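# Architecture at a glance
So the chains spell out like this:
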Amino acid sequence: MRTFFCLLFSGLLTLAARGALCEYEIDVPAGEASALLSLELPAEALISLGGRPECLRILDRHGKAVPWVREQIMSSATVHVQDECGSAGTLVREIGQGGLELHFELDEKSAQPNALSIETSVRNFEQTVEILGWENGTWNSLLEDGFIFDSSRILQLRNVDLTFDSRKCRKFKVLISQAALERQAELRSVRQTWNKDEAVEMVSATEIRTQAFKIDRLRFWRRYDRQAEDKPCWLTVDGKEFSMQSVPDQKQTSVELSPSCFPVCGIRIECAEANFSRKVRVLQQKKQLLAEERIWAIDLPGYRKNHLQFLFAPQNAGALQVLFQDDDNPPLKLQKIQYLIPAYRLLFFAEVEQLPCRLTAEPDGAEPHYGSTELIREALQKTTVQKATLLERKGDPIPLQAAVKNSFPRWILYVVLCLAAGTLAWALAAAARKNSTDT
């Protein structure tokens, strides 16, 4: 009996201490006595710490908990925007030395332009362009040495866009250097004169043709940069080995995935085929339909585009099944299936006397409630956030933890530990009394 209780107590203590098996020291930049820190969480660290972000814990040098707030990282990209400024042509004419003159007037409600496109189907040309604007009763030069060209015959390069400062002008004059282009024929004619014995004279000639520089359309633009809406960032985690099975009667290919961390919010597919299209369904534990999307890829000279990833509702447990609807196509040569998890960062306060801090996990732990969320978010708006990083891992990785169930409160574990400790103490005391009696 005594041996049984010793083993039970030892096992429970080992279970309670498993969170200390794996940890990462947090590298904090040198600075002030206290700071608001941001720690971005790599997927490898999350997997090593049990795969559950709610189990994460930050401890200071004394082993005390450091409150944190977890949030998904958002991207704030800058996008390039161009809005067309409506205009109407008022004059087109050829001018001296073979040039071309065009007049345009902006629509009443059009914005002030800062770019011009001269759209033409003509190939292999070079043109000098000057833009003038009507201001204060006279034409003023807005762009003197604009240059458009196409070199398709030698190299696929083309530019028909010009940038200029329109000031406050609403009327424009566009001067193009050549209204017509001289083209040399690819074939040449050869004439040879013969006498009775030999050639006397040979004359070769190349035909020169004239081609009008036809303008399909001239457009004014307002181009500017603006901040795009913040979008959530995702981390891709390799599915590593996955089981793949053909289902001929349904013309499908089935793939089973067992995620190594959660929550899983989407998948990304890589395969050997360059041009393909397939309908894909994702199911949770072969029952619940999470998503149905069409993936596709086009990879041709000069044009490449694809749609190989998609999102679904966050999944916190269980295996995933991915069904590819092949129809009469051969199965895809799958190279990799990755699942998408949120890119998280932990925000926390740190003071010099607390350093070094370390990131670890509490196995089977629930999401902590520190009561400092509002305080950290207020500081986030008022102060500069310093970036912290993780150093090398110490200890053995923690296996993937099961999702926390509310039906088993943690206080029960503490009661069991106390009972086990009391029982062990009683057994040791009884053994000591027995030994003293025997002697």
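Read on for an overview of the structure. (Residues numbered from 1 in each chain as written. Predicted model: local features only at pLDDT ≥ 70, side-chain atom pairs only at ≥ 80, totals over all residues. Heavy atoms only, no water.)

## Some remarks on the sheet that holds strand β27 (residues 320-325)
Short version of the rule: Two strands pair under a simple rule: DSSP has to find at least two bridges between them. Only DSSP runs of H or I with at least four residues qualify as helices, and only runs of E with at least two residues qualify as strands; both kinds are numbered from the N terminus onward. Between the N-to-C directions of two axes lies an angle of 0 to 180 degrees, each axis being a line fitted to C-alpha atoms and, for a helix, fitted only over the stretch in contact.
One open sheet holds the six strands; their spatial order is β20-β21-β27-β23-β24-β25, and the pairing between them is antiparallel. Each edge of the sheet is formed by a strand with only one pairing partner; in this case those strands are β20 (243-247) and β25 (303-307). Between one strand axis and the next, the sheet turns by 20° as a mean value, whatever way the strands run. The pairing of strand β23 (residues 276-284) with β27 spans six bridges and is classified as antiparallel. From the neighbouring strand, Arg281 faces β27, where its bridge partner is Leu323.

## Concerning the environment of Leu359
We count it as follows: Residues are treated as being in contact if the distance between any of their heavy atoms lies within 4.5 Å.
By the element assignment, Leu359 lies in strand β30 (residues 358-361). On a C-alpha basis, the gap between Leu359 and Arg393 in space is 9.6 Å, while along the polypeptide they are 34 residues apart. Those residues within four positions of Leu359 in sequence are excluded, and the remaining contacts are Glu23, Tyr24, Ile26, Leu39, Leu41, Leu49, Leu56, Arg57, Ile58, Leu346 and Leu390.

## Quick word on helix α3 (residues 373-382)
Basically, it comes down to this: The buried label applies to any residue whose accessible area, calculated with a 1.4 Å probe on protein chains only, is under 20% of its type's maximum; exposed applies above 50%, and partly exposed to all values in between. This arc describes the spread of directions from the helix axis toward the C-beta atoms.
Those residues of α3 not exposed but buried are Ile376, Ala379 and Leu380. For α3, the arc enclosing every buried residue in end-on projection is 110°, short of the 170-degree limit, so these residues lie on one face. Pointing more than 90 degrees away from the buried face of α3 are the exposed residues Glu374, Leu375, Gln381 and Lys382.

## With respect to the packing of aromatic side chains
Rule in force here: Pairing of aromatic side chains here covers Phe, Tyr and the six-membered ring of Trp, requires ring centres within 6.5 Å, and sorts the geometry by plane angle: under 30 degrees stacked, over 60 edge-to-face, intermediate tilted. Cation placement over rings: the criterion is NZ of Lys or CZ of Arg within 6 Å of the ring centroid and within 35° of the ring normal.
One pass over the structure, following the stated rule, counts eight aromatic pairs. Ring centres 5.1 Å apart and planes at 65° place the aromatic pair Phe125 and Phe213 in the edge-to-face group. With Phe125 in strand β10 (residues 125-135) and Phe213 in the loop between β16 (199-212) and β17 (217-227), the pair connects residues that are 88 residues apart, well separated along the chain. With a centroid separation of 6.5 Å and 70° between ring planes, the pair formed by Phe164 and Phe220 is classed as edge-to-face. Pair noted here: Phe164 is in the loop between β13 (161-163) and β14 (171-176) and Phe220 is in strand β17, with a separation of 56 residues, a long-range link. Residues Phe164 and Phe220 agree in their burial class; the two are buried. By the ring-pair criterion, three or more aromatic residues cluster together here, those being Phe104, Phe164, Phe172 and Phe220. For the cation-ring pair, Arg70 lies above Tyr344, with the distance from its terminal atom to the ring centre recorded as 4.7 Å.

## Focus: the sheet that holds β14
Here six strands make up an open sheet; going across it, the order is β7-β8-β14-β10-β11-β12 and the pairing antiparallel. At either margin of the open sheet sits one strand with a lone partner, and together these are β7 (87-95) and β12 (158-159). Of the pairings in the sheet, the one linking strand β11 (residues 138-150) to β12 comprises two bridges and is antiparallel in character. Following the sheet pairing, Phe149 is matched in β12 by Asn159.

## Thoughts on the pattern of salt bridges
Going by this rule: Whenever a carboxyl oxygen of Asp or Glu lies within 4 Å of a side-chain nitrogen of Lys or Arg, that contact is scored as a salt bridge.
Applying the stated criterion across every chain yields a total of 19 salt bridges. As a salt-bridge pair, Glu119 and Arg219 come within 3.2 Å of each other at their nearest N and O atoms. Remark: Arg219 occurs in strand β17 and Glu119 occurs in strand β9 (residues 115-119); sequence separation between them is 100 residues. Between Asp299 and Arg304 there is a salt bridge, and its shortest N-O distance comes to 3.2 Å. According to the relative accessible area criterion, Asp299 is partly exposed, its value standing at 33%.

## Focus on the environment of Asn316
Residue placement: Asn316 occurs in the loop between β26 (309-315) and β27. Spatially, the C-alpha atom of Asn316 lies 4.7 Å from that of Pro263, the residues being 53 residues apart in sequence.

## Points about the side chain of Arg278
Rules: Identification of polar contacts relies on pairs of N or O atoms within 3.5 Å, with a donor-acceptor requirement for protein atoms, meaning one able to donate a hydrogen and the other able to accept it, and with residues adjacent in sequence counted only if both atoms are side-chain atoms.
Positionally, Arg278 belongs in strand β23. Within the structure, the side chain of Arg278 is placed 3.4 Å from the side chain of Asp326, a separation counted as a polar contact. If near-sequence neighbours (up to four positions away) are discounted, Arg278 is found in contact with Glu293, Arg294, Ile295, Gln325, Asp326, Asn329, Pro330 and Leu332.

## Examining the pairing of β7
Relative to strand β8 (residues 99-106), β7 is paired through eight bridges, and the arrangement is antiparallel. Following the sheet pairing, Leu91 is matched in β8 by His103. Between the end of β7 and the start of β8, which pair antiparallel, lie three residues, with Gln97 showing a positive phi angle near 65°.

## Regarding the environment of Leu391
Mapped onto the elements of the fold, Leu391 is located in strand β31 (residues 386-395). Owing to a relative accessible area of 37%, Leu391 belongs among the partly exposed residues under this scheme. Setting aside its immediate chain neighbours within four residues, Leu391 contacts Tyr24, Glu25 and Asp27.

## Points about the pairing of strand β28 (residues 334-342)
Along any regular strand, the residues point their side chains to alternate faces of the sheet. When you tally the buried positions in β28, you get seven out of nine residues, the bulk of the element. Bridge count between strand β19 (residues 234-238) and β28: five bridges; the pairing is antiparallel. In the sheet register, Val237 faces β28, and the bridge partner there is Tyr339. Pairing analysis gives six bridges linking strand β22 (residues 264-271) to β28, with the strands arranged antiparallel. Each bridged residue has a counterpart across the sheet, and for Glu270 the counterpart in β28 is Lys336.

## Brief notes about a nonpolar patch on the surface
To be explicit about the condition: Each patch groups residues whose relative accessible area exceeds 30% and which form no salt bridge, using 9 Å between like charges and 5 Å between nonpolar side chains of Val, Leu, Ile, Met, Phe, Trp and Tyr. A 1.4 Å probe and the Shrake-Rupley method give the accessible areas. Residues count as covered only by the protein chains that appear here.
Together, Ile154, Leu155 and Leu157 make up a nonpolar patch on the protein surface, roughly 330 Å² of accessible area in all. Considering the arrangement of structural elements, one finds Leu157 in the loop between β11 and β12.

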